[in-house]
Amino acid sequence: MSSQAVDCNALEATTSILRSLQNDELSELWLCRPDLATEFEDYELGSSRELDWLGHFAKKSTRLESVGILGYDAFVNCSGQSVDRFLDGLGKCNHIKKMHFSGTNLAEIIDKLGPAMK
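Everything numeric in this text was worked out from a predicted model, so none of it was measured.

Novice: What is the right way to read the environment of isoleucine 69 from this model?
Specialist: Within the fold, isoleucine 69 resides in strand β3 (residues 66-70). What makes isoleucine 69 buried here is its relative accessible area of 1%. On a C-alpha basis, the gap between isoleucine 69 and tyrosine 43 in space is 9.6 Å, while along the polypeptide they are 26 residues apart. Contact partners of isoleucine 69, with chain neighbours within four places excluded, come to Trp30, Leu31, Ala74, Phe75, Leu87, His100, Phe101, Ser102, Thr104 and Ile109.

Structure below.
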């Protein structure tokens, strides 16, 4: 029963973050693998579809200024294609001023961010 409650809490948190991003209410977004979130604001990536929606709303946002990726396996539940699409899109976002990486393999990410890495 308690694991079911944890799943519901995680779903509620990710839904809330996605809705806030959609409504252009977030200035910072941290992505991590499921079970690694330590703060309410951490987004636990559960699927490629979620990552696609995050990328879509991040590109449309005018308030999002900072994106962080926590852990080398933050994208473990996402396909390579969805990760590529997300990072390519993120690289084209002129409104993002800071990017944070913690425990992440930068070699796989830096090339895809292109113009954002000034």
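Having put the structure on the table, let's press on.
Novice: Just to check I follow, could you spell out the pattern of salt bridges for this structure?
Specialist: Pairing of side chains with opposite charge becomes possible as their charged atoms draw close. For the coordinates displayed, the defined rule picks out 1 salt bridge. With a shortest N-O distance of 3.0 Å, arginine 85 and aspartate 52 are connected by a salt bridge. Highlighted residues: arginine 85 in helix α3 (residues 80-91) and aspartate 52 in helix α2 (residues 48-60), separated in sequence by 33 residues.

So, how was this worked out
- Residues numbered from 1 in each chain as written.
- Predicted model: local features only at pLDDT ≥ 70, side-chain atom pairs only at ≥ 80, totals over all residues.
- Heavy atoms only, no water.
- Helix = DSSP H or I, 4+ residues; strand = E, 2+ residues; numbered from the N terminus.
- Buried < 20%, exposed > 50% of the residue type's maximum accessible area, 1.4 Å probe, protein only.
- Contact = heavy atoms within 4.5 Å.
- Salt bridge = Lys/Arg side-chain N within 4 Å of Asp/Glu carboxyl O.

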